[in-house]
Amino acid sequence: MPDFSLTPEQESLRDLARKFAKTEMAPHAAECDRTARFPEEIYRKAYDLGLMNLNVPADFGGSGLGSFDQCLIVEELAHGCGGMTTSIIANCLALEPILLGGSREQQERFLTPFCAEYHLASFGLTEPSSGSDAGTLRTVARRDGDDYLLTGEKCFITNAPHASLYTVFTTVDPKLRHKGITAFVVPRSAEGVVPGKDEEKMGHRASSTSTIHLENVRVPKQDRLGQEGEGFSLAMRTLDQTRTTIGALATGIAQAALDHAASYSLKRETFGKPISEHQAIQIKLANMVQAVHAARLLTWHAAWTIDRGARGTLESSIAKCYASDAALHVADEAIQTFGGYGYMKEYPVEKLLRDAKLTQIYEGANEIQRTVIARELLREYA
Amino acid sequence: MEIVVCVKPVPDPETRLRVGADGTSVDIEGVKFVLAGYDESAVEQALLLKEATPGSKVHVVSAGPAPRTEEVLRASLALGCDTATWVETPPAVSPDPVSAARALARAVAATPHDLVLCGKQAGDDEAGLVPAALAELLGIPDFSLVVDLRWDAAASRLRFQRSTETGLERWEVSPPCVIALQQAWNDPRTAKLPAILKSRKLPIAKVPPDAGAVPTGASRAAKFELPPPRTGAKMIEFKTPEEAAQKLVQLLKEEAKVFP
Amino acid sequence: MTAATLVVGEAHDGSLSGATREALTVARAVTAPGDVVGFLAGPAARSAAADFGRFGVARVYFAEDPKLDGATHSVSAHLAAAAAEDAGANLIVVGGTALGRDIVARLATRWNAAVATGVTSLVRAGEALEVRRPVFGGRATETRRLEGPHAAVAVRPHAFAAAPEAPVAPSLSAVALDRVPAALWVPKRLGIEVTARGGGPSLGDASIVVSGGRGGRAAENFHLVEELAASLGAAGGASRAVTDAGWRPATFQVGQTGKTVSPQLYVAVGISGAIQHLVGMVSSRTIVAINSDASAPIFKVADYGIVGDLFQILPALTAEIRRVRGQ
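Just so you know, these numbers come straight off a predicted model, no measurement behind them. (Residues numbered from 1 in each chain as written. Chains lettered and ligands numbered in written order. Predicted model: local features only at pLDDT ≥ 70, side-chain atom pairs only at ≥ 80, totals over all residues. Heavy atoms only, no water.)

### Some words on the overall build of chain B
Counting secondary structure elements, chain B contains six helices and 13 strands. In terms of overall dimensions, chain B has C-alpha extents of about 70 × 45 × 45 Å along its principal axes. Out of the 260 residues in chain B, the part that is buried amounts to 53%. Sequence-distant contacts in chain B: of pairs separated by 6 or more residues, those separated by 24 or more amount to 69%. When the accessible surface of chain B is summed, it comes to about 11,400 Å², and 54% of that surface belongs to carbon and sulfur atoms. Averaged over its 30 positive side-chain charges, chain B has a centre that lies 2 Å from the centre of its 34 negative ones. (Helix = DSSP H or I, 4+ residues; strand = E, 2+ residues; numbered from the N terminus. Buried < 20%, exposed > 50% of the residue type's maximum accessible area, 1.4 Å probe, protein only. Contact = heavy atoms within 4.5 Å. Areas by Shrake-Rupley, 256 points an atom, 1.4 Å probe, with all protein chains shown as cover. Lys, Arg positive; Asp, Glu negative; His and termini not counted. Charge placed at Lys NZ, Arg CZ, Asp CG, Glu CD.)

### Here's the deal with the packing of helix α8 (residues 313-338) of chain A against helix α11 (residues 366-379) of chain A
All names here are of chain A. Relative to each other, α8 and α11 sit at 145 degrees, their axes nearing to 9 Å. Read as a crossing pair, α8 and α11 show a hand that is left-handed. The residues of α11 that touch α8, namely those facing Thr 313, Leu 314, Ser 317, Ile 318, Lys 320, Cys 321, Ser 324 and Asp 325, are Asn 366, Gln 369, Arg 370, Val 372, Ile 373, Arg 375, Glu 376 and Leu 377. (Axes fitted to C-alpha atoms, helices over the stretch in contact; angles between N-to-C directions. Left-handed = near helix turned anticlockwise from the far one by under 90°.)

### Details of the interface of chain B and chain A
Facing 13 residues of chain B, the contacting portion of chain A comprises 17 residues. Summed over both partners, the interface of chain B with chain A buries about 1,200 Å², with 61% contributed by carbon and sulfur atoms. Inspection of the region where chain B meets chain A yields two salt bridges. A salt bridge links Lys32(B) to Asp15(A), with the shortest nitrogen-to-oxygen separation between them at 2.9 Å. Summed over the shared surface of chain B and chain A, the result is four residue pairs in polar contact (both at pLDDT 80 or more). (Buried area = accessible area lost by both parts, 1.4 Å probe. Salt bridge = Lys/Arg side-chain N within 4 Å of Asp/Glu carboxyl O. Polar contact = N/O pair within 3.5 Å; in protein donor to acceptor, adjacent residues only side chain to side chain.)

### Structural notes on the packing of aromatic side chains
Throughout the structure, instances matching the rule amount to twelve aromatic pairs over all chains. Taken together, a centroid distance of 4.1 Å and an interplanar angle of 15 degrees make the contact between Tyr264(A) and Phe338(A) stacked. Here Tyr264(A), found in helix α6 (residues 231-267), pairs with Phe338(A), found in helix α8; they are 74 residues apart in sequence, far enough to count as distant. Considering the side-chain rings of Phe143(B) and Phe160(B), the 5.0 Å spacing of their centres and the 55 degrees angle between planes classify their relative orientation as tilted. Here Phe143(B), found in strand β7 (residues 142-152), pairs with Phe160(B), found in strand β8 (residues 157-164); they are 17 residues apart in sequence, far enough to count as distant. The ring of Trp185(C) has Lys67(C) lying over it, and the distance from NZ or CZ to the ring centre is 4.2 Å. (Phe/Tyr/Trp six-rings, centres within 6.5 Å; stacked < 30°, edge-to-face > 60°. Lys NZ or Arg CZ within 6 Å of the ring centre and 35° of its normal.)

### Things to note about the pairing of strand β2 (residues 140-144) of chain A
Residue and element names in this part refer to chain A. With five bridges connecting them, β2 and strand β3 (residues 147-158) associate as antiparallel partners. Bridge pairing in β3 places Arg 142 opposite Leu 149. Taken together, β2 and the strand that follows it, β3, pair antiparallel across an intervening segment of two residues, in which Gly 145 is found at a positive phi of about 70 degrees. (Pairing = 2+ DSSP bridges.)

### Details of the pairing of strand β9 (residues 128-135) of chain C
Residue and element names in this part refer to chain C. β9 sits mainly inside the fold: six of its eight residues count as buried. With five bridges joining them, strand β8 (residues 121-125) and β9 adopt antiparallel strand pairing. Bridging across to β9, Leu 122 finds its partner in Val 131. Linking two consecutive strands that pair antiparallel, namely β8 and β9, is a turn of two residues; a positive phi of about 65 degrees is found at Gly 126 within it. When β9 meets strand β10 (residues 140-147), the two strands line up antiparallel, connected through seven bridges. Note on β10: the bridge partner recorded for Val 135 is Ala 140. Between β9 and β10, which pair antiparallel and follow one another directly, the connecting turn spans four residues, one of which, Phe 136, has a positive phi of 50 degrees.

### Quick look at empty space enclosed by the protein
All names here are of chain B. All chains considered together, the criterion is met by five cavities of 30 Å³ or more. For the largest cavity, the calculated volume is near 320 Å³. Around the largest cavity sit 27 residues that line it, and Lys 8, Asp 39, Leu 104, Ala 122 and Val 130 are the ones nearest its centre. Counting only elements with at least two residues in the lining of the largest cavity, the list comes to β4 (57-64), α2 (68-79), α3 (97-109), β6 (115-119) and α4 (130-138). If one sorts the elements of the lining of the largest cavity by residue count, α3 sits on top with three residues. Of the residues contributing to the lining of the largest cavity, the split by class is 15 nonpolar, six polar and six charged. (1 Å grid on protein atoms, 1.4 Å probe; cavity = no way out; pocket = protein on both sides within 12 Å on 5 of 7 lines; lining within 4 Å. Points joined across faces, edges and corners; volume = space filled by probe spheres on them. Nonpolar A, V, L, I, M, F, W, Y, C, P; charged D, E, K, R; others polar.)

### Thoughts on the nonpolar core
Most often, soluble globular proteins have nonpolar side chains that are buried together. Membership of the largest hydrophobic core comes to 65 residues, with the highest contact counts inside it found for Leu51(A), Leu115(B), Leu117(B), Leu149(B) and Ile179(B). Per element, the largest residue contribution to this core is eight residues, and it comes from helix α1 (residues 8-35) of chain A. If we ignore the near neighbours within four places in the chain, the residues touching Leu117(B) are Ile3(B), Val4(B), Val5(B), Cys6(B), Ala42(B), Gln45(B), Ala46(B), Leu49(B), Leu149(B), Ile179(B) and Leu181(B). In this structure, Val98(B), Ala83(C), Ala87(C) and Val180(C) belong to the second largest nonpolar core, which totals 41 residues. (Core = buried A, V, L, I, M, F, W, Y, C linked by side-chain atoms within 4.5 Å.)

### Notes on the sheet that holds β8(C)
An order of β12(B)-β10(C)-β9(C)-β8(C) is seen for the four strands of this open sheet, with the pairing classed as antiparallel. Among the strands making up the open sheet, the edge pair consists of β12 (218-225) of chain B together with β8 of chain C. Between one strand axis and the next, the sheet turns through 25 degrees on average, direction left out of account.

### Observations concerning the domain arrangement of chain B
Partitioning chain B into domains gives domain 1 (2-207) and domain 2 (228-260). Using C-alpha coordinates to define each centre, domain 1 of chain B is positioned 40 Å away from domain 2 of chain B. (Domains from an automatic or database assignment.)

### As for the pattern of salt bridges
Where side chains of opposite charge bring their charged atoms close, a pairing between them can arise. Tallied over the full model, the rule gives 61 salt bridges over all chains. When the shortest N-O distance is used, the salt bridge between Glu44(B) and Arg189(B) registers 2.8 Å. With Glu44(B) in helix α1 (residues 37-52) and Arg189(B) in the loop between β10 (177-181) and α5 (193-199), this residue pair connects regions lying 145 residues apart in the sequence. The salt bridge involving Arg145(C) is made with Glu147(C); its shortest N-O contact spans 3.2 Å.

### Remarks on the interface of chain C and chain B
With 81 residues of chain C in contact, the opposing surface of chain B contributes 75 residues. Both sides together, the interface formed by chain C and chain B hides about 6,700 Å², and carbon and sulfur atoms give 55% of it. Applying the counting rule to chain C against chain B returns five salt bridges. Put simply, Glu147(C) and Arg220(B) hold a salt bridge, and the shortest N to O gap is 2.7 Å. For the side of chain C that touches chain B, the element with the most residues is helix α4 (residues 98-111) of chain C, which contributes ten residues. Here the side of chain C that touches chain B is built from residues that sort into 38 nonpolar, 23 polar and 20 charged. In this structure, strand β9 (residues 167-173) of chain B lies alongside strand β13 (residues 188-193) of chain C, joined through five bridges in antiparallel fashion.

### Focus on unusual backbone geometry
Excluding glycine, residues mostly have negative phi values, and the peptide bonds linking residues are mostly trans. Residue and element names in this part refer to chain B. In the segment running from Ala 66 into Pro 67, the intervening peptide bond is cis, with an omega of -10 degrees. Mapping Pro 67 onto the fold places it in the loop between β4 and α2. Note the cis peptide between Pro 175 and Pro 176, where omega equals 0 degrees. If you trace the backbone, Pro 176 turns up in the loop between β9 and β10.

### Quick look at the sheet that holds strand β1 (residues 2-6) of chain B
Sheet architecture is open: ten strands sit in the order β11(B)-β5(B)-β4(B)-β1(B)-β6(B)-β10(B)-β7(B)-β8(B)-β9(B)-β13(C), paired in mixed fashion. Of all the strands in the sheet, the pair left with one neighbour each is β11 (205-207) of chain B together with β13 of chain C. Mean inter-strand twist for the sheet, computed between neighbouring axes without regard to direction, equals 30 degrees. Bridging between β7(B) and β8(B) involves five bridges; their strand directions are antiparallel. Bridging across to β8(B), Val146(B) finds its partner in Arg162(B). Contacting β1, β6, β7 and β10 of chain B, α4(B) runs over the sheet at an angle of about 155 degrees to β6(B). Strands in contact with α4(C) are β7 and β8 of chain B; relative to β7(B), the strand with the most contacts, it is inclined by about 100 degrees.

### Focus: the packing of α1(A) against helix α4 (residues 82-101) of chain A
Residue and element names in this part refer to chain A. Between α1 and α4, the least distance of the axes is 9 Å, while the angle of their chain directions is 105 degrees. The orientation of α1 relative to α4 falls into the category roughly perpendicular. Residue-level inspection shows Met 25, His 28, Ala 29 and Cys 32 of α1 in contact with α4, the latter providing Met 84, Thr 85 and Ile 88. Its residues assigned to classes, the contact of α1 with α4 comprises five nonpolar, two polar and no charged. (Parallel < 35°, antiparallel > 145°, perpendicular 65-115°, else oblique.)

### Quick notes on helix α10 (residues 349-359) of chain A
All names here are of chain A. For α10, a buried count of eight out of eleven residues is recorded, marking the element as mostly surrounded by other parts of the structure. Residues of α10 that are buried: Val 349, Glu 350, Lys 351, Leu 352, Arg 354, Asp 355, Ala 356 and Thr 359. The inward-facing, buried residues of α10 abut α1, α4, α6, α8, α9 (340-343) and α11.

The following block contains the structure:
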């Protein structure tokens, strides 16, 4: 990756996302955060401009972008609002298993109508008793003739109350643990699918998150992705693909925090001069920009690795883990730079800390990322 | 209806201006050039006219150096223009308005046109000379301060209004003519992602600049200056409120030159 | 024969417009006495052209015909070119109106000459002319040298004060309409509707903004700020204290958590200048602060300051502005 410059095409994509973030997302970010409003009109605009379904090939009506180009876009969107970005990219997470594990027939059947109009989708893996240890999930898929009956509960699912399609991970036999896990595509309209109430969250409040109850939901065999028992591997490969975009999302939040802190420091005066001239603030800003640059470059490198066809587990885990920790730290320092004003909801920085926190938790908590990183690292020394 | 729209790449309006190394022009190092302001509205207007009259085509034309001119043409294609023509001029040099008009005239003359649309002025030099200069070269009338532009297909006429100080003038004109649009009064669309990707592969016709006509007069940049940093207000001394008012109005008129 | 400077004028109600008189002042500064020549075209041009004499111009050209009412600018430009030829003029100076800019554009193209618009300064510099003009929305100023045997300049309106001159009796010469190509007469204006201007510009794109703070002490007094805004044709803004107090809707707020504006002129009335407000307006080109507190931080970023009681200053200022603008 010797050349770090973007092609004119990449600059155009980045500029499109930046403009959308600035003109459509940022002006409403504070209000949606305060009222936990789900701004469907903004998501529809994102869809209209081609900013949703970024990973779906153009053949099926998506934007067909590689990982690097997706990261360029996601960072810009997250700079506008982390919560809205989470809902926008949740489609990519939900549809990735269909791309990786679905047959051509399934891809056409699910993806083409989905991408032809505005739709939201959800990725259903997490359950009340299984987050990091996804292998112990308990939603069962009981064979019934040529169909399956799905029963169980998924929780903390992004977009669940609004999605028209769920990619659900179940088990055909809990005793098989991860070897029993099987993935299905379940339409919202199926009988027995009951999304729960919106959760009241610390951040990402423009994104809608809830439980999904599945009560004997009948799903035909044709809607199973791959074979029984291939679901766990499918989930892991999916997360390998999407992890870098969380690195980009976290980088966007961190960049926003840095922007606010740096501008403010030039204007606010204490002890007779702008606070940017006090060493305490200079050191903070220096640490913040180092973290932002590192987060971005680690994310770029991971995305580039994946675009070359490699699995990129080590690189993408490093990117996600580092960028999310960086976002939290940079947002924290941004609040500190603003002093008392940073603590007030009227100012935009405290929201960034609340939004940054989730990036350390979802799509693979950072503790798990670290064990994965260690495992991948040690492979080279074994 | 065949519509030609002329655009110019200009520094992004949010750019922090810096003086270039030789002190005569703006520093373009790292500056992003975009389609903006009145030009962006002109493209939008062309596309609206195209949509209102089926079978119409929009041809975007620009004269300027690589790579910014090509980028602005691609941005226009991504918005929905049908063809793009580039008159490439020497690198890093923005042609002066009359040279730009000459370059554009070559491209426009070679393209079918009922209407030549321009923005009122570019966001950088703000000369506002190209529309009339272009019209002079093409031998057709030009109209400025235009708002509310429509094409009456049945009568084959352009109908528009000019927003002047004395009022709104109504005009009806047979094509072709050059129209310079007034304030950015429409809401320019945003190019969608698939169109942006597609525009990278569309052809851009190239027309060489006319080496023939050598200007007999030239306007050379001699200095580029930014306003000095603020050092605190000039406090107005007065004995009566009326005196304060008079002094302030005088300063705004003669010193600051911002009095309306 | 020394070359002349042709000032192409416009008339309102039979007398030369303010822009034309400004252009005359500019032309005079760079032209030998007696070599400034005037030109006017219009349906009643002859009598208006005579008005040039009131401003010391002895040689005047004109083109008069009812057909000129509602003719296109290209017609005026051709007639001006003919006048320039007749007068032996190598420099054209006009007021920077829409017509003026069109004329210099067309003439400069025809002559292949140097041209500049929006000019705020014009001086001779050796063989050349040197102009200054605002660029980038007034955020910078450029100086240009206009070289060559011909030049055309459009002067920025209100940038120059029209200087009085001793009146003379002008000699008037007609320019024949047949010097305009027939095709240019065809487009015809259908009509003029005088539209009432109401409401004032919006805060986001106004070139002048007048903002009020809590200095007025009560909501009922905010009208003083708005009358000042109206006299300038400005958009109205407010500090957060004002919108929080409910004196005006939140859309009026300029500042960190309100709108950011950068007009040509920003007048801050009774606003202390806390950083939260400054962030929203500090990149305005010219800032005027009116406040009763001499130590208010706003005076550090303003260009002009008045320390006084706004209940006295505002009415006086509004009245003076109206007087000067002829309202």
